[in-house]
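For reference, the chains in residue letters:
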Amino acid sequence: MRYFIHLAYNGANYCGWQTQPDLPTVQETLEKALTTLLRQPIAIVGCGRTDTGVHASDFYAHFDSQTNLNSQLSTLNFKLNSFLPDDIAIYDIFPVADNAHARFDATARTYQYHVSNRRLPFRQGLYSRIYFEPDIDLMNRGAEILMEYDDFTSFAKLHTQVKTNICHLTQAHWEWTGDEWVFTIRSNRFLRNMVRSVTGTLLDVGRGKLTLDGLREIIEKKDRCAAGVSMPPQGLFLTRVEYPFETFPNASPALP
């Protein structure tokens, strides 16, 4: 039987989501915990791959079990949270159709990037420090320009194994929260390193280092070397993963 896990994690202590040889990852930590608790080998498929140091406040993964776990899911949820380190939280475990897929069934993902020019001691590791005050109106005008395009080659990490650099953005905007500038971006898919490089380029617009026309030129060049620097990972959060309702026929109404 197939089960979805709804979870969140602070990525500071991990080399990303995906298992890597001799490096701590969220996937490996979760697989080891489930394998121990269920006494059967468990392989997990995540809804995406976050890089080293990147966080997720909304993340889904699926696994298959040789036995029916429906009657013990609440107990398993409790035991799993007790077994895992404090920087990983399990919200729910629930049954899905045998062909439901955490990665391929997702229809949209939303990321947020947090920056501030202030010292925020209680936000350490959860935002990136900048040393200027960006023009949020200019950055939002730049975000509107992004929405006009669908080829984001200029913001994609080089030499990755993807068939296309086409992404359909449905949201891109900045807001000031009182302590931080937060960039929110939503798309059907994202390229590796895309959000961090888009954020760095829009901050160049906000500091007057790049014009809006220059931003258009960068996008249309389809050249990663033309865009701004990638921002550090600690300011980036995966905040929402969306699925069609039929993926979760047995889930609570609060889930997507």
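Residues numbered from 1 in each chain as written. Predicted model: local features only at pLDDT ≥ 70, side-chain atom pairs only at ≥ 80, totals over all residues. Heavy atoms only, no water.

Overview of the pattern of salt bridges
By the definition in use, this model includes 10 salt bridges. For the salt bridge of Lys 32 with Glu 28, the shortest nitrogen-to-oxygen distance reads 3.5 Å. Highlighted residues: Lys 32 and Glu 28, both in helix H1 (residues 26-38), separated by 4 residues, approximately one helical turn. Under the relative-accessibility criterion, Lys 32 is labelled exposed at 53%. Taking relative accessible area as the criterion, Glu 28 reaches 23% and is therefore assigned partly exposed. For Arg 240, the salt bridge identified is with Glu 242, shortest N-O distance 3.9 Å. With relative accessibility at 39%, the residue Arg 240 sits in the partly exposed group. One network of salt bridges, in which partners are shared, links Asp 51, Arg 192 and Arg 196. (Salt bridge = Lys/Arg side-chain N within 4 Å of Asp/Glu carboxyl O. Helix = DSSP H or I, 4+ residues; strand = E, 2+ residues; numbered from the N terminus. Buried < 20%, exposed > 50% of the residue type's maximum accessible area, 1.4 Å probe, protein only.)

Let's talk about the environment of Gly 11
You can see Gly 11 is positioned in the loop between strand E1 (2-9) and H1. In sequence terms Gly 11 and Leu 126 are 115 residues apart; their C-alpha atoms lie 9.5 Å from each other. Those residues within four positions of Gly 11 in sequence are excluded, and the remaining contacts are Gly 53, Val 54 and His 55. (Contact = heavy atoms within 4.5 Å.)

A word on the pairing of strand E8 (residues 181-187)
Judged by how many residues are buried, E8 sits mostly within the fold: 6 of 7 residues are covered. One ladder, built from 7 bridges, connects strand E5 (residues 108-116) with E8; its direction is antiparallel. When the sheet's bridge partners are listed, Tyr 113 is paired in E8 with Phe 183. In this structure, the hairpin formed by strand E7 (residues 169-176) and E8 is closed by a connection of 4 residues, where Gly 178 is found at a positive phi of approximately 110°. (Pairing = 2+ DSSP bridges.)

Topic: the packing of H1 against helix H2 (residues 73-83)
Look at H1 against H2: their axes get within 10 Å of each other, and the N-to-C directions meet at 125°. Judged on the interaxial angle alone, H2 and H1 are oblique. At the point where H1 passes H2, the crossing takes the right-handed sense. In this structure, H1 contributes Leu 30, Ala 33, Leu 34, Thr 36, Leu 37 and Leu 38 to the contact, and H2 contributes Leu 76, Lys 79, Leu 80 and Phe 83. (Axes fitted to C-alpha atoms, helices over the stretch in contact; angles between N-to-C directions. Parallel < 35°, antiparallel > 145°, perpendicular 65-115°, else oblique. Left-handed = near helix turned anticlockwise from the far one by under 90°.)

As for the side chain of Ser 187
Turning to its location among the elements, Ser 187 is positioned in strand E8. Within the structure, Ser 187 has its side chain in polar contact with the side chain of Asn 188 (distance 3.2 Å). Discounting chain neighbours no more than four positions away, the residues touching Ser 187 are Ala 108, Arg 109, Cys 167, His 168, Leu 169 and Thr 170. (Polar contact = N/O pair within 3.5 Å; in protein donor to acceptor, adjacent residues only side chain to side chain.)

Notes on unusual backbone geometry
Backbone geometry at Asn 193 places phi at a positive 75°, although glycine is not the residue there. Mapped onto the elements of the fold, Asn 193 is located in the loop between E8 and helix H4 (194-206). The backbone of Lys 222 sits at a positive phi, close to 55°, despite the residue not being glycine. With respect to the element layout, Lys 222 can be found in the loop between helix H5 (212-221) and strand E9 (236-242). Relative accessible area serves as the criterion here: at 48%, Lys 222 is assigned to the partly exposed category.

Remarks on the packing of helix H3 (residues 136-146) against H5
Where H3 meets H5, the axes come as close as 10 Å, and the angle between the chain directions of the two elements is 30°. Between H3 and H5, the angle is such that the two are roughly parallel. Our pair here, H3 against H5, has a crossing hand that is right-handed. Residues Leu 138, Arg 141, Gly 142, Ile 145 and Leu 146 of H3 form the contact with H5, whose own contacting residues are Leu 212, Leu 215, Arg 216 and Ile 219.

A word on the packing of aromatic side chains
With the rule as written, the count across this model stands at 12 aromatic pairs. Relative to Phe 59, the ring of Tyr 9 has its centre 5.4 Å away and its plane inclined at 65°; by these criteria the two rings are edge-to-face. Taken together, the residues span a long stretch of sequence, with Tyr 9 in strand E1 and Phe 59 in strand E3 (residues 55-64) at a distance of 50 residues. On the basis of relative accessibility, which here comes to 0%, the residue Phe 59 falls in the buried class. (Phe/Tyr/Trp six-rings, centres within 6.5 Å; stacked < 30°, edge-to-face > 60°.)

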